[in-house]
Amino acid sequence: MLEDRKIGAHNCFVYTNFSADHEHTDRIETYGRTRRNTRLTRASLRLSQSSQDLKRAADQDESPPRTPTGNALSSESDIDVSSPNASPDESLAKELSLKDSGSDLSHRPKRRRFHESYNFNMKCPTPGCNSLGHLTGKHERHFSISGCPLFHNLSVDECKTRASSRDKQVEERTLSHRQDENRHDTRHQAPTERQMRYKEKVTEMRKKRNSGLLKEQKDQYMDHRQSHGNNREPLLENITSDYDLELFRKAQARASEDLEKLQGQVAEGSNMIKTIVFGRYELDTWYHSPYPEEYARLGRLYMCEFCLKYMKSLTILRRHMAKCVWKHPPGDEIYRKGNISVFEVDGKKNKIYCQNLCLLAKLFLDHKTLYYDVEPFLFYVMTEADNTGCHLVGYFSKEKNSFLNYNVSCILTMPQYMRQGYGKMLIDFSYLLSKVEEKVGSPERPLSDLGLISYRSYWKEVLLRYLNQFQGKEISIKEISQETAVNPVDIVSTLQSLQMLKYWKGKHLVLKRQDLIDDWKAKETKRGSSKTIEPTALKWTPPKGT
């Protein structure tokens, strides 16, 4: 039997047949970083020689410069900026020899770490390309397909020649515009003689287009396609007029230049996507997300807020938004209250959408590891509706068949909707589904820092609400768990954090702290009922097999 006792000013509910040892949290201790042992090289063995021999050997050495790709330097190794053509071993030998000879090194430029220097590990994804040159002809190196001369079947010299030709045309066009500025502006202005001549010239150039390809040209195109496949651009000569082909080349170079401005020289392994344009918001990212390499190198990513497709530029996004027919997530709408809706999306039926959702979530979550294997999961997407569509607020995912009864695998509230009560709504909705399934649920571990704070706050409110409505003298952790669908381990850990669980005279006591209950009542009255889940608004039956 359970007895009602009093300790001090707190009401105590005594319960038996429960051990506090039931709660065991697995702690993983991360040890300090292991230091790399420096290996002796041949250059270090020659340090005993005289400084003159070392200088003579360094002057006579004409070996090519070693890059991090060929020399396997760690990210913490130093590179001497003053002598980029010397290998690290020779640089070390020179420095030590100068130090031994008493030379003053104050005149030498400041050395910097490898991650602050040029990153040679970045390479163009085109097979056989050495990353030299650029399609625009204005850069010495490139790291994407859009700027690769080899992919566009051009050489580095051809790109530079085309760049100089484009610059001359720009100068001529600017000069002609200055001449046209002297004309009187009217609403209906007739074209000038120069414009008429240019129009006739373009018409004549387009008439010179070949009516069809010769058999030799067709064979050449087919051989090129079979030998290179999608790794090269198809041959475009003689397909259209030279004028239209040149316009297309100019557009390619201009687009490549725009992408180059967005592209930053960031060290490999860090998060290169700094911001994303999502609807009417521009969000700063927090963590690295494994987007495709061509997109991961961009400093800014543009996303459709309805279908979650990611794009490289604002122009592409505008064109996509003009054609995109999506105004809400795919799947079934299982909850609606006011302008808040929740959609159930099956990872097997809507694979691309769920993968894009996971990649987006990884930009703001540290512990997330699910990106592409989305078929075993269900995604519950919360949206806020207005006259333009249903905007993504947050989501949580859960396994279709969880052996450990996890009701949440991953949960995220978008940064623009944080600290507005949506996080607790998502958590409350996940436990509502567990109640309908008649199961006891718990979130999958490990929880992120913000996730742990949100869950602790939710569990606290659930327990205080239950204790406020409880009128009996006997209380059971099992009964609390069955009524709230919260795991007993989570209930005990929350009681301990609130200092409401005590061990006295061989029994465990639950202290009913009236001060915490009064604070919770005041917050509930101030918050209102606008950001709460209404169980009657749920229209859902558990999926088969769960």
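Residues numbered from 1 in each chain as written. Predicted model: local features only at pLDDT ≥ 70, side-chain atom pairs only at ≥ 80, totals over all residues. Heavy atoms only, no water.

1. A few points about the UniProt feature "active site" (unreviewed entry) in the protein
According to UniProt, the "active site" (unreviewed entry) feature falls on Glu-444. You can see Glu-444 is positioned in the loop between strand E15 (442-443) and helix H13 (449-469). For Glu-444, a relative accessible area of 27% corresponds to the partly exposed category. Aside from chain neighbours lying at most four places away, what touches Glu-444 is Glu-399, Tyr-406, Val-408 and Ser-409. (UniProt positions renumbered as here; feature names shortened; annotations may be inferred. Helix = DSSP H or I, 4+ residues; strand = E, 2+ residues; numbered from the N terminus. Buried < 20%, exposed > 50% of the residue type's maximum accessible area, 1.4 Å probe, protein only. Contact = heavy atoms within 4.5 Å.)

2. Some thoughts on the side chain of Glu-461
The topology assignment puts Glu-461 in helix H13. Accessibility expressed as a relative area gives 11% for Glu-461, which makes it buried. Within the structure, Glu-461 has its side chain in polar contact with the side chain of Lys-424 (distance 2.7 Å). Not counting residues within four places of it along the chain, the set of residues in contact with Glu-461 comprises Lys-424, Trp-520, Glu-524 and Arg-527. (Polar contact = N/O pair within 3.5 Å; in protein donor to acceptor, adjacent residues only side chain to side chain.)

3. Comments concerning the pairing of strand E11 (residues 377-386)
In terms of burial, E11 is a largely internal element, 7 of the 10 residues being buried. Pairing analysis gives 7 bridges linking strand E10 (residues 340-346) to E11, with the strands arranged antiparallel. Within E11, the position partnered with Val-345 by the bridge is Phe-379. As paired strands, E11 and strand E12 (residues 389-399) are joined by 10 bridges and run antiparallel to one another. Directly across from Glu-384, in E12, lies its bridge partner His-391. (Pairing = 2+ DSSP bridges.)

4. Some details on the nonpolar core
By size, the foremost hydrophobic cluster in this structure holds 81 residues, and its most contacted members are Leu-360 and Phe-429. Contacts of Phe-429, omitting those with residues within four sequence positions, involve Ile-334, Tyr-335, Val-342, Tyr-380, Phe-396, Ile-533 and Leu-538. Membership of the second largest hydrophobic core comes to 8 residues, among which are Val-277, Cys-304, Phe-306 and Cys-324. (Core = buried A, V, L, I, M, F, W, Y, C linked by side-chain atoms within 4.5 Å.)

5. Overview of the state of the cysteines
Tallied over the entire structure, the rule returns 0 disulfides. Left without a disulfide partner, Cys-159 is nearest to the cysteine sulfur of Cys-148, which lies 8.9 Å away. With no disulfide of its own, Cys-358 lies 6.8 Å from the sulfur of Cys-410, the closest cysteine sulfur. (Disulfide = S-S within 2.5 Å.)

6. What to know about the side chain of Thr-383
With respect to the secondary-structure elements, Thr-383 resides in strand E11. Here Thr-383 is in contact with Pro-329, Asn-339, Ile-340, Ser-341, Phe-343, Cys-390, His-391, Leu-392 and Val-393, once residues within four sequence places are set aside.

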